[in-house]
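The chain contents come next:
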Amino acid sequence: MPTVAIYGTGLLGSNVAKLLSALPSVEVLGPFGRNERKKALLSGSDVVVIATTTRLRDVATDIWEAVNAGSNVLISAEEAAFPFIVDESLAESLDLLARQKGVSIAGTGVNPGLIFDSLVLTLLGASPRGCMIEARRVVDISGFGETVLRRIGLGKSVEDFALAVELEEILGHAGFPQSMHVVANALGIKVDYIERKLLPVITDQEIDLPGKFIIRKSESAGVNQTYTGFVDGKPWFVAHFFGHVELDQVDRESGDDIDLFMNEQLIQSIRIRPGIGAQVGSQNMVANSINRIMSARPGWVTIAEMSPAFPAPINF
């Protein structure tokens, strides 16, 4: 019976623990909070799930300890989807350790992990080579905790939002450069550079988020962001994300779209309605990635190198 240790007691970690605990073929340890991190990271479990934060630098030591103890590691941090563009030296050192220990490391989730990379690659499989990609995601973010909502940029004036973006205190939804590089790496192409636009969605009425905080009139109740990846000097991959705590207020509905173009002509398109829920989707992607991380090659792997995530029996 494989063992899975969960580090992180937020919504994601707690829900992944519940999902896996319902399976008779898995032994779940945790979820463990920060004051009990060693119980997860040094457990020697078959898989350690790290569901704590966004940045690679903030989870690198945790990954190192879990890998050094002989565990495969799944990470919800968006930068973990393709860490080599964040800190190449650090990522390569962790990759080397994992290969030496014969275990695997991977970032997983919905965004990145599915919409802007895995599904894009799947759709490209039925398309001519050389397509231009445009992917859009509209998400109800009201279910996120206060820490995540603040990091996304809620509760700010236009001026404060812009300043916080400049200081990298606001990230919006992270992970788009990672998704683009996962796709580019799988296709064997090189991304020249990525342009980012990150804008607040200002509300004209007060919004109370029970148990969290109140968004005042003229403050941000959502985020509208666009990343454009360029290849050979031309736009190759455009990723849009629109997140809001009250989509009805701005006349939007949740949904996920992927369009592929050839010579500016639309050739492939998929629409997912009402869209893959940010929280439900992420927790299931992590829970359904136990098999694929245990069967992946040793080292730091991307979703393009693993089998698809699906709710198969876990009986390694």
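Thresholds applied
- Residues numbered from 1 in each chain as written.
- Predicted model: local features only at pLDDT ≥ 70, side-chain atom pairs only at ≥ 80, totals over all residues.
- Heavy atoms only, no water.
- Pairing = 2+ DSSP bridges.
- Helix = DSSP H or I, 4+ residues; strand = E, 2+ residues; numbered from the N terminus.
- Patch = residues over 30% accessible without salt bridge, like charges linked within 9 Å, V, L, I, M, F, W, Y side chains within 5 Å.
- Areas by Shrake-Rupley, 256 points an atom, 1.4 Å probe, with all protein chains shown as cover.
- Salt bridge = Lys/Arg side-chain N within 4 Å of Asp/Glu carboxyl O.
- Lys, Arg positive; Asp, Glu negative; His and termini not counted.
- Charge placed at Lys NZ, Arg CZ, Asp CG, Glu CD.
- Phe/Tyr/Trp six-rings, centres within 6.5 Å; stacked < 30°, edge-to-face > 60°.
- Lys NZ or Arg CZ within 6 Å of the ring centre and 35° of its normal.
- Buried < 20%, exposed > 50% of the residue type's maximum accessible area, 1.4 Å probe, protein only.
- Axes fitted to C-alpha atoms, helices over the stretch in contact; angles between N-to-C directions.
- Contact = heavy atoms within 4.5 Å.
- Core = buried A, V, L, I, M, F, W, Y, C linked by side-chain atoms within 4.5 Å.

1. Here we look at the sheet that holds strand β14 (residues 299-300)
In step 1: Judged by pairing direction, the sheet is parallel, and its six strands sit side by side in the order β2-β1-β3-β4-β5-β14 without closing on themselves. Two strands in the sheet have a free side with no partner beyond their single neighbour: β2 (27-32) and β14.
In step 2: The pairing of strand β4 (residues 72-75) with strand β5 (residues 104-107) spans three bridges and is classified as parallel. Following the sheet pairing, Ile 75 is matched in β5 by Gly 107.

2. Some details on a negative patch on the surface
In step 1: A grouping of Asp 140, Glu 246, Asp 248 and Asp 251 is seen on the molecular surface, where their side chains present a negatively charged patch.
In step 2: Checked against the element boundaries, Asp 248 lands in the loop between β11 (234-244) and β12 (255-262).

3. Observations concerning the packing of aromatic side chains
In step 1: The tally for this structure, following the rule as stated, stands at six aromatic pairs.
In step 2: Ring geometry for Trp 236 and Phe 237: centres 5.5 Å apart, planes at 75°, overall edge-to-face.
In step 3: If you follow Arg 150 out to its NZ or CZ, it ends over the ring of Phe 213, 3.7 Å from the centre.
In step 4: The ring of Phe 242 carries Arg 252 above its face, with NZ or CZ at 3.9 Å from the centroid.

4. Quick look at the pattern of salt bridges
In step 1: Here the structure, examined in full by the defined rule, presents 17 salt bridges.
In step 2: Between Arg 99 and Asp 95 there is a salt bridge, with its nearest N and O atoms 3.1 Å apart. Of this pair, Arg 99 and Asp 95 are both found in helix α4 (residues 88-101), four residues apart, which corresponds to roughly one turn of the helix.
In step 3: Take Asp 95: its relative accessible area is 12%, and that puts it in the buried class.

5. Here we look at the sheet that holds β12
In step 1: Across the sheet, six strands lie side by side as β7-β10-β11-β6-β12-β13; this open sheet has mixed pairing. Each edge of the open sheet is held by one strand with a lone partner, namely β7 (193-202) and β13 (265-272). Adjacent strand axes in the sheet meet at a mean angle of 10° when their direction is disregarded.
In step 2: Across ten bridges, β7 lies against strand β10 (residues 220-231) in antiparallel orientation. The partner of Ile 202 across the bridge, within β10, is Ser 220.
In step 3: Across the sheet, helix α8 (residues 176-187) touches β6 (132-140), β7, β10 and β11, and the angle it forms with β11 is around 145°.

6. Observations regarding unusual backbone geometry
In step 1: Omega for the bond connecting Gly 30 with Pro 31 falls within 30 degrees of zero, at 15°, which places this linkage in the cis form.
In step 2: Mapped onto the secondary structure, Pro 31 falls in strand β2.
In step 3: The linkage connecting Arg 273 with the following residue, Pro 274, adopts the cis geometry, with an omega of 10°.
In step 4: Backbone geometry at Asp 251 places phi at a positive 55°, although glycine is not the residue there.
In step 5: Mapped onto the elements of the fold, Asp 251 is located in the loop between β11 and β12.

7. A word on the nonpolar core
In step 1: Grouped together as the largest cluster of nonpolar side chains are 68 residues, with contacts concentrated most on Leu 20, Val 49, Ile 141, Trp 236, Phe 237, Val 245 and Ile 290.
In step 2: Examining the composition of this core, we find that five residues originate from one element, α8, more than from any other.
In step 3: Those residues in contact with Val 49, other than ones at most four positions away along the chain, are Val 4, Ala 5, Ile 6, Tyr 7, Leu 74, Val 286 and Ile 290.
In step 4: Counting residues in each nonpolar core, the second largest holds 23 residues, with Phe 32, Ala 60, Ile 63 and Leu 97 among its members.

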